[in-house]
Amino acid sequence: MALNENPSADPAGAPASADPDKAVLKTTRRDFLKAGGMLSMSSLMGTAALMTQSDDAHAAVEWAEHFQKNYRLMTAEEKAEAKARLERRYSAEYGKQVTVDTTDAQPGVLMGYALNIRKCIGCRRCVHACVAENNQSRGKERAGEKIEWIQVLRMERGKFEAEKMNHGYPEGLGIQVGGNAYTPAGLVLEGQYHYNPEKVPEEDATYMPIACMQCEKPPCVKVCPVRTTYREPDGPVVIDYNWCIGCRMCMGACPYWARRLNVTNPVLPKEEMNPVTHYLGNRPRMRGVVEKCHWCLQRTRHGRYPACVEVCPVGARKFGNLLDPESEVSKILQRKNVFRLKAELNTFPKFFYFYD
Amino acid sequence: MLTSFVSDYVRYVLKGGTKFYAWMGSLAVLIVGMLYVFYLQNTDGLIVTGMTSQIHDGLYFANLVFLVGVAAGAVTIVFPAYGYHHEGMHKVAVLGEMLAITAVTMVMMFVFAHMGRPDRLWHMIPIIGIYNFPHSMLGWDVLVLNGYLILNFICGFYYLWCKYAGIPINRKWFIPVVWIAIVWALSIHTVTAFLISTMPARPMWFHSMMPIRFITTAFAAGPALIILIFLIIRKNTKFWVDDSAIKLLTTIVTWCLGIAIFLTLSEVVVELYARTEHANGLYYLMFGLHGLTKLVPWFWSAVVLMVGAFILFLIPRFRNDFKLLTIPCTMAFAGIWIEKGMGLIVPGFIPTPIGEVTEYYPSFVEVLLTLGIWAFGFFILTILLKGAIGILLGDIKYGGAKAVAAK
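In this text the structure is predicted, and so the values were computed from the model without any measurement. (Residues numbered from 1 in each chain as written. Chains lettered and ligands numbered in written order. Predicted model: local features only at pLDDT ≥ 70, side-chain atom pairs only at ≥ 80, totals over all residues.)

With an omega of -10°, the peptide bond running from V200 of chain A to P201 of chain A counts as cis. Here P201 of chain A shows up in the loop between β6 (188–189) and β7 (205–210). Cis peptide bonds are those with omega within 30 degrees of zero, and the linkage from F133 of chain B to P134 of chain B qualifies with 5°. Here P134 of chain B lies in the loop between α5 (87–114) and α6 (137–165). For W295 of chain A, which is not glycine, the phi torsion reads 55° and is therefore positive. By secondary structure assignment, the location of W295 of chain A is in the loop between β12 (290–291) and α8 (297–300). A positive phi is found at N346 of chain A, a non-glycine position, where the angle reads about 55°. Overall, N346 of chain A belongs to the exposed group, with 11 C-beta atoms counted inside 10 Å. (Helix = DSSP H or I, 4+ residues; strand = E, 2+ residues; numbered from the N terminus. Buried ≥ 20, exposed ≤ 12 C-beta atoms within 10 Å, placed from the backbone.)

Now the structure itself:
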């Protein structure tokens, strides 16, 4: 159950990473910035915003937010400022105490996920839990206002029928070279994963849940022109929503349709907003940026399960540390027959499907 | 001297008859409309367009891709002029450069229209932002497009400046820069093709034929537009574009169009013979998929326009009579605009990588914004061409009489 080998990590602060790779990276970044002679615009703006005593703090905070750096290049102080800024803005906006966590990846953790497709009953509780946990837009008036990161694809059970034995290809020419005795299976038409039956599982359907695969070689990261989306050291591919320019190259590159665009200002009612957020995770997004599943960083970095794993009534969803041989996911990889979606594309997902 | 160049240029360009002002005025109306819908799009968000999370590149991206081709197409004048020392082309090479400047400017505007957060575009500027180079293909595209804009600006305006000042061109550096610009023209369209053809997630685009298809369609659509512009210039100004230039351009358009049709046919055969799921996008485009058929009329009209234009180009009467020549040129331009724009970009998203079949159709906001950007393009093209022609004619000259407007 414990994902984190280091459960005593301080959730509020930003502990320095013990990962030596990271330390090296930080130095080079600092050198680069020094060489560029760049003023820390964001810290200046942040100070200005914090010093502003006017009632219009909201506007000032937003203005400073505009000039902040890419999250990965921020110094510890800049991260703290960005966090404080966001907490102030969100708390004012949603009328409750909102926290924005900036906990880094813990050393020795590589998150992994496994899903038992035989067990899935298609209840879609994971979808709804995900929306509630991760502050997705949930408007009903216009089509683009509703965002769901998980789709449970409802697949028709295909079948071959004796009556259709004589249906062939080509039709009506006397010599049959191919058969049409089947009913196609696995078609996904518009909105088909928004099904809402009275009872699940349905007799004539199978279910295929799908979400971000958190690839080890994510094509979305490669195409991003501003490096706003990247793989965190503990596995998940995340987005700095404040740095995203909304070019949507990542959406085109993703072979799993895991990314969503905020086509308008997200519809997130105050009372439904989840105030426990992570900077790279479920904090409220803004218009024009891309978002996606991040394996509930606000939970998993503190040793909890993602919301979808927690809510699944049949235990089809498993989550854990791939580097820990005793974790549930590692055991599944050792003992079960597993497969990954579109493995031929060499994206190396850390999301596995398996059978009992 | 530079200030006198600017003031003479501006004064010459501003003077014009009723026809000129009516033309510029109606373009300005569309530009104002564009600004309004751009405001809507950046307050309410992209929801005012037809784009969704399923089909997230639409009319803007389609025009962007097409116009990169038009920009590259300018090389069909510059290359014969400097590579083959073609007399007629040499006289008008600078007009091709003006067209390239315009087209690249329009591409940049479509980038702004396309972005979810145009206010954050500075994130791409090196040093103050981050530039994911060399990994991001979009990074490459921005680089080559800006480079092409600068190269054409230098080549075009240095040439005009020398004509204006009456000084000889310094061929020592000018000719190498021209050659760089010629090769660079190929790069902009190749990289734009790579932009979409390097995504295995989109099987319709994921093939190595994309760059050559882009180049051939570019070298058909670009010069087709140039021919039309040249004929308008011949009719409305004192400047005479030689027949030889138009004839050579016609030959280029004809055979690039022919190759483009051949490549499209090859794709159809390869994809539909095997008819795997990867052919679904093309199948949707040609016949519709699961009852969704919005793009089918677009595709077949593109086929009719392109094949029809090709046949007309082969008929000597249409090649040699410059009045009739406008028909196949317009057809080729419109056909390629559809084939390479809506017909290439949109079906790439149908079905989505998880197999969902949805449709896209541009909204009013998108149509008006697109028209506005085209209007802006024609606006600056008119200014650039008028100024360039004034200089070529000697109407704008250093120390010469105060500017006299062209007709």
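Moving on from the model shown.
Once that is clear, we can look at the nonpolar core. The tendency in soluble globular proteins is for nonpolar side chains to be buried side by side. Membership of the largest hydrophobic core comes to 208 residues, with the highest contact counts inside it found for A71, V107 and A332 of chain B. In terms of residues, this core owes the most to one element, α5 of chain B, which gives 17 residues. (Core = buried A, V, L, I, M, F, W, Y, C linked by C-beta atoms within 7 Å.)

All names here are of chain B. Relative orientation of the contacting elements helix α2 (residues 18–41) and helix α15 (residues 364–393) amounts to 140°, with a least axis distance of 7 Å. Comparing the axis directions of α2 and α15 gives the class oblique. Our pair here, α2 against α15, has a crossing hand that is left-handed. Across the interface between the two elements, W23, M24, L27, L30, I31, G33, M34, V37, F38, L40 and Q41 of α2 pack against V365, L368, L369, L371, G372, I373, A375, F376, F378, F379 and T382 of α15. Residues of the contact of α2 with α15, tallied by class, amount to 18 nonpolar, four polar and no charged. (Axes fitted to C-alpha atoms, helices over the stretch in contact; angles between N-to-C directions. Parallel < 35°, antiparallel > 145°, perpendicular 65-115°, else oblique. Left-handed = near helix turned anticlockwise from the far one by under 90°. Contact = placed C-beta atoms within 7 Å. Nonpolar A, V, L, I, M, F, W, Y, C, P; charged D, E, K, R; others polar.)

Attention shifts here to the interface of chain B and chain A. Contacts between the two partners involve 37 residues from chain B, matched on the other side by 44 residues from chain A. Those elements that provide at least two residues to the side of chain B that touches chain A are α6 and β1 (356–357) of chain B. The element that contributes the greatest number of residues to the side of chain B that touches chain A is α6 of chain B, accounting for three residues.

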